[in-house]
Amino acid sequence: MHGVETDVVVIGAGFNGLYQLHRLREEGFRVLLVEAGSRLGGIWFWNCYPGARVDSHVPNYEFSMESVWREWNWSERFPGYAELRKYFDHLDAKLDLSRDIRFNTCVKSAAFDGAANQWRISTDTGDEIQARFVVPCLGFASKAFVPNLPGLESFAGECHHTGLWPQSGVELAGKRVGVIGTGASGVQVIQEAAPLASHLTIFQRTPNLALPMRQIRYDAAAQEELKAKYPEMLARRAISATSYHDIQAEPRSALDVTPDERHRRFEWAWQEGGFHFWAGTFNDVLSNKNANALAYAFWRNRTRARINDPDVARKLAPDVAPHPFGSKRPSLEQNYYEVFNQPNVTLVDVKETPIERITPHGVLTSESETELDVLVLATGFDASTGGITAIDWHGTEDTSLSNLWRNGVVTHLGMAMPGFPNLLMLYGPQSPTAFCNGPTCAELQGEWVVECLRHVRDSGYTRIEATPQAARVWGEHMREEFADSLLHLADSWYVGANVPGKQRELLYYANTQKYLKLCRDVATNGYRGFQIGRGSWR
Ligand code: N01
């Protein structure tokens, strides 16, 4: 490839990148998509650990184009990674995507040439690409987080992070398996490893307030029945605060209803499964501590009833909530709590008995050494900012993005940065991202970018850049949103608190509907907060 010139470089072949490739090509742009992996899928390419499965139910997690969904049938309400990979193959076949994708190619650096109003992009394969616009679509989980565990490199068995799982798989049957981390990735691996491992040891730091998934298997008839309602369901995502077509909290406080009414709503949401109990009960469960405590009590009682050993039950579902319910993303589980009733499973609470170091044989805590053949690091991600700053960006005046963000994220609408013209990131920090699933956000936020680039091009302009003032206002708005929620009370990846030293701030915009309205207002007001023109204005 070496010296290539194009209109738009898209980075990442997950839902967001593929949507951009498809739509921008439709709009007549020349587009080149660069992808580090060897096939489509983004997160579903890298996260191929046993049990990897989406937590958004059908049809929330798919594109709304009828030409795509009409001929695609899901086999489960919450599909697993293997089926999602097949869906990406289907997308490729329907939208002819791969012809404009460079696989196995990782963008290392990008520098803006202010004279030409172009980006010059360098890859690890030695290619140089020039493009008017760059649209990074790196997902929130493209940089794995491995904690500083002394001695980790000395471990003699197999050790893998869930987000960098070997494509060829890992043998767990008959092995002594250890899992560090009990977020969504940990929960999923644990459920799969428990029936296979000779012994499974789970190192938990914070209990996961996991919710029943309530998986359903679909046959073709069930899918066809659902499809009759697809157009309406898919369209409703855009006008839903949660971005799920069918998850909406009651417009009442959990504190303003009778205990019976409250119980009925909690019970209904519990039986619906998925995120209904998280975001679909009452309007103040995620913002009012007292309302939140009622949801936690319901969750704790239901969960404890499934665990035989009262000590283990207290560690998994403590008397006092470890953080407000739902202020960390709840994982969806199928038989997670029953796993702890198995004789081959041990729970180690690393707050009580901290991990001192990893030895060649296993994990040494303050109490004992656990010998292991396989160590799974389900320790999460340097979410959103980690993936983007892994690329060495140089904007105008040779500023780097890491430098701009040294005291926290600076963006306008979570898409554009002052000093970085013609760069519009999708599914990044300070936009809905974690509160709006990949394909839904790819379409809703992605259309804004498509329209914006079309506007710049069709107006004969060559440059668009967020103003510092607009970024200040957006940052202030994000801080107000943070203060209004309970999210700041949990040490989660939503707020950057899972990575030591990372700035603690709200990384995601929690109301998709409100966010989209703000974006529309900016566009209809002549792209307020952006400078658009032909030359350089510095
Ligand atoms: O990561 P996490 P994840 N010692 O950050 C623990 C999506 N996802 O990969 O809570 C001991 O949630 C850490 O403990 P603590 C989904 O959006 C989706 O599981 O910080 N433990 C925590 O338990 C999800 O929310 C699916 O105290 C340590 C765990 O590691 C997001 O990705 C599937 C530790 C990390 O949990 C991230 O999930 C998988 C240490 N030093 C992922 N450091 C779907 O279902 C960290 N931990 C779609």
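It should be noted that the structure appears before, not after, this text.
1. Here's the deal with the site of the ligand
Around the ligand sit 22 residues, and of these Arg 53, Ser 185, Arg 205, Thr 206 and Lys 328 come closest. A distance of 2.6 Å separates an oxygen atom of the ligand from a polar atom in the backbone of Arg 53. At 2.6 Å from an oxygen atom of the ligand is found a side-chain nitrogen or oxygen belonging to Lys 328. In terms of residue count, the dominant contributor to the shell around the ligand is helix H5 (residues 184–193) (three residues). Taken together, the residues that form the shell around the ligand break down as nine nonpolar, eight polar and five charged.

2. Topic: the side chain of Glu 443
Examined against the element boundaries, Glu 443 turns out to sit in helix H15 (residues 438–458). What makes Glu 443 buried here is its relative accessible area of 10%. Within the local environment of Glu 443, its side chain forms a polar contact with the backbone nitrogen of Ser 64, the two atoms lying 2.7 Å apart. The contact partners of Glu 443, leaving out residues within four places of it in the chain, are Tyr 19, Phe 63, Ser 64, Met 65 and Arg 237.

3. Re the packing of aromatic side chains
Within this structure, the stated rule accounts for 38 aromatic pairs. Judged by centre distance (5.6 Å) and plane angle (50°), the ring pair of Tyr 19 and Phe 63 falls under tilted. A residue pair is termed long-range when its members are at least 10 positions apart, and Tyr 19 in helix H1 (residues 15–26) and Phe 63 in the loop between helix H2 (43–46) and helix H3 (66–69) qualify at 44 residues. Taking the relative accessible area as the measure of exposure, Phe 63 reaches 1% and is therefore buried. Aromatic pair Tyr 336 and Phe 340: ring centres 5.1 Å apart, planes at 90°, arrangement edge-to-face. The exposure class of Tyr 336 is buried, given its relative accessible area of 1%. On the accessibility criterion, Phe 340 (8% relative accessible area) is buried. These aromatic residues form a ring-pair network of at least three members: Phe 15, Tyr 19, Trp 44, Tyr 61, Phe 63, Trp 72, Trp 74, Tyr 87 and Phe 88.

4. Let's talk about the sheet that holds strand E1 (residues 3–11)
Spatially, the seven strands line up as an open sheet ordered E3-E2-E1-E6-E5-E4-E17, and their pairing is mixed. Where the open sheet ends on each side, the last strands, each with one partner, are strand E3 (101–102) and strand E17 (392–394). Where strand E5 (residues 118–123) and strand E6 (residues 128–136) come together, four bridges link them in antiparallel fashion. Paired with Ile 121 across the bridge in E6 is Ile 129. H1 rests against E1, strand E2 (31–34), E3 and E6 of the sheet, and its axis sits at about 170° to E2.

5. Regarding the pattern of salt bridges
Within the structure shown, the criterion is met by 36 salt bridges. Here Glu 26 makes a salt bridge to Arg 23, at a shortest N to O gap of 2.9 Å. Highlighted residues: Glu 26 and Arg 23, both in helix H1, separated by three residues, approximately one helical turn. Given a relative accessible area of 52%, Glu 26 falls into the exposed group. The closest approach of N and O atoms between Arg 39 and Asp 89, which form a salt bridge, is 3.5 Å. A residue pair is termed long-range when its members are at least 10 positions apart, and Arg 39 in the loop between E2 and H2 and Asp 89 in helix H4 (residues 81–95) qualify at 50 residues. Of the residues examined, Asp 89 reaches a relative accessible area of 41% and is grouped as partly exposed. It is possible to trace a salt-bridge network through shared partners that takes in Arg 23, Glu 26, Glu 27, Glu 447 and Arg 454.

Conventions adopted
Residues numbered from 1 in each chain as written. Predicted model: local features only at pLDDT ≥ 70, side-chain atom pairs only at ≥ 80, totals over all residues. Heavy atoms only, no water. Near = heavy atom within 4 Å. Polar contact = N/O pair within 3.5 Å; in protein donor to acceptor, adjacent residues only side chain to side chain. Helix = DSSP H or I, 4+ residues; strand = E, 2+ residues; numbered from the N terminus. Nonpolar A, V, L, I, M, F, W, Y, C, P; charged D, E, K, R; others polar. Buried < 20%, exposed > 50% of the residue type's maximum accessible area, 1.4 Å probe, protein only. Contact = heavy atoms within 4.5 Å. Phe/Tyr/Trp six-rings, centres within 6.5 Å; stacked < 30°, edge-to-face > 60°. Pairing = 2+ DSSP bridges. Axes fitted to C-alpha atoms, helices over the stretch in contact; angles between N-to-C directions. Salt bridge = Lys/Arg side-chain N within 4 Å of Asp/Glu carboxyl O.

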